[in-house]
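Understanding the architecture of this molecule
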Amino acid sequence: DSVLDLAPNTEFSIETQEFDESARHYRSLLHLAAGKLRVWASAYYSEPRARYEVETPTAVVAVRGTQFITSYDSAAELSEVIGLDGRVEVSARLAVMGAGVEVGPRFYTRVSKGKFPSAPQRVDDARLPQYLDGVDLVGTGRRDGLNVLHPAVVGRVLAPQDVPSGGAKPGIGSRG
């Protein structure tokens, strides 16, 4: 019941996907090599032994039944994570122990190579569309499928805001 949306030019892999409902054992591990993805992790991942993680070369994002966006810019060696719903834990890949941060809705953090996550900062209304660009979830995350009101689903001509920008660089915090 989880949903992933990948921005253009995104490279990722599913490293582990275990789902055993009878044992209440749920584990997903994704690796984001470049680009941006939006995750809507289902309520299954709010179980005590469940794990849903997204790794980038600089960060590890651990969630429990929530929604977030993460990106990795390989040229800048920078990961960004923004919370959309619930809370996500973000830590650096540089050490087993160290300062991690919790990111709530409409907050973001950055993790540069060799550094710990920055203190979470609030995303203002003007910047939020930049984070959402290219990762508009069409699916509802439920078994009943797609959002029937989305223009792509009902067959309408898509407006510019409904189409990911083809020329945008990967990364949710890129400035241009």
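Model, not experiment: these values are computed from the prediction. Chains are numbered independently. Their residues run from 1 in the order of the written sequence. For a predicted model such as this one, the threshold for reporting local features is a pLDDT of at least 70, and the threshold for listing and counting side-chain atom pairs is 80 or more; totals across whole chains, interfaces and linings nevertheless cover every residue. Each side-chain value is derived from all of the structure's non-hydrogen atoms; neither hydrogens nor water enter the calculation.

**Considering the pairing of strand β2 (residues 11-20)**
Two faces make up the sheet, and in a regular strand the side chains alternate between them. Put simply, the rule is: Paired strands, in this sense, are two strands between which DSSP finds at least two bridges. Helix numbers and strand numbers start at the N terminus; a helix is a DSSP run of H or I with at least 4 residues, a strand a run of E with at least 2.
Bridge analysis of β2 against strand β3 (residues 25-40) gives 9 bridges, and the strand direction is antiparallel. Residue pairing for β3: Ser-13 is matched across the bridge by His-31. What sits between β2 and β3 in their antiparallel hairpin is a turn of 4 residues, with Arg-24 showing a positive phi close to 55°.

**Details of the packing of aromatic side chains**
Centre distance and the angle of the planes are the two values used to describe a pair of aromatic rings. How we decide: Any two rings among Phe, Tyr and Trp, with Trp reduced to its six-membered ring, count as a pair given centres within 6.5 Å; such a pair is stacked if its planes are under 30 degrees apart, edge-to-face if over 60, and tilted if neither. Here's how the labels work: a residue is buried when its accessible area is under 20% of the maximum for its type, exposed when over 50%, partly exposed in between, all with a 1.4 Å probe on protein chains only. A ring is scored as having a charge over it whenever the NZ atom of a lysine or the CZ atom of an arginine sits within 6 Å of its centre and within 35 degrees of its normal.
On inspection of all chains with the given rule, the structure shows 2 aromatic pairs. Measuring from ring centre to ring centre gives 4.9 Å for Phe-19 and Tyr-26, while their planes differ by 45°; the resulting arrangement is tilted. The exposure class assigned to Phe-19 is partly exposed, which follows from its relative accessible area of 42%. For Tyr-26, a relative accessible area of 1% translates into the label buried. On the basis of an interplanar angle of 40° and a centroid distance of 5.7 Å, the ring pair of Tyr-108 and Tyr-131 is categorised as tilted. Placement of Tyr-108 in strand β10 (residues 107-112) and of Tyr-131 in helix α1 (residues 128-132) is noted, with a sequence separation of 23 residues between them. Look at Tyr-108 and you get buried, because its relative accessible area is 8%. In this structure Tyr-131 comes out as buried when scored by relative accessible area, which is 0%. When the ring centre of Tyr-108 is taken as origin, the NZ or CZ atom of Arg-127, which lies over that ring, is 5.3 Å away.

**A few points about the nonpolar core**
Convention followed: The set of buried Ala, Val, Leu, Ile, Met, Phe, Trp, Tyr and Cys residues whose side-chain atoms join them within 4.5 Å is what this entry labels a nonpolar core. Working rule for contacts: check all heavy atoms of both residues, and any pair within 4.5 Å makes them a contact.
Counting residues in hydrophobic clusters, the biggest one holds 23 residues, and the most contacted among them are Tyr-52, Val-54, Val-61, Phe-68, Val-88 and Val-90. Of all the elements in the fold, those that place two or more residues in this core are β3, β4 (51-55), β5 (59-63), β6 (67-73), β8 (88-92) and β9 (101-103). Element by element, the count of residues in this core is highest for β3, at 5 residues. Those residues in contact with Tyr-52 that lie beyond four places of it in its chain are Ser-2, Leu-4, Ser-28, Leu-30, Val-39, Ala-41, Tyr-45, Val-61, Ala-62 and Val-63. Of all hydrophobic cores here, the second largest spans 8 residues; its members include Ile-69, Ile-82, Leu-128 and Tyr-131.

**Here's the deal with the pattern of salt bridges**
What counts here: Take a side-chain nitrogen of Lys or Arg and a carboxyl oxygen of Asp or Glu: if they are within 4 Å of each other, that pair is a salt bridge.
Taken as a whole and assessed by the stated rule, the structure comprises 6 salt bridges. The partner of Arg-93 in a salt bridge is Glu-55, and the shortest N-O contact between them spans 3.7 Å. Separated by 38 residues along the polypeptide, Arg-93 in the loop between β8 and β9 and Glu-55 in strand β4 bring together distant segments of the chain. The partner of Glu-102 in a salt bridge is Arg-87, with the nearest N and O atoms 3.4 Å apart. Here Glu-102 is found in strand β9, whereas its partner Arg-87 is found in the loop between β7 (78-85) and β8, with 15 residues between them in sequence. For Arg-87, a relative accessible area of 49% puts it in the partly exposed group.

**Quick look at unusual backbone geometry**
A positive phi is found at Glu-77, a non-glycine position, where the angle reads about 50°. Inspection of the secondary structure assignment puts Glu-77 in the loop between β6 and β7. In this structure Glu-77 comes out as partly exposed when scored by relative accessible area, which is 32%. At Arg-106, a position not held by glycine, the phi torsion is positive, near 65°. By secondary structure assignment, the location of Arg-106 is in the loop between β9 and β10. Its relative accessible area of 23% is what places Arg-106 among the partly exposed residues.

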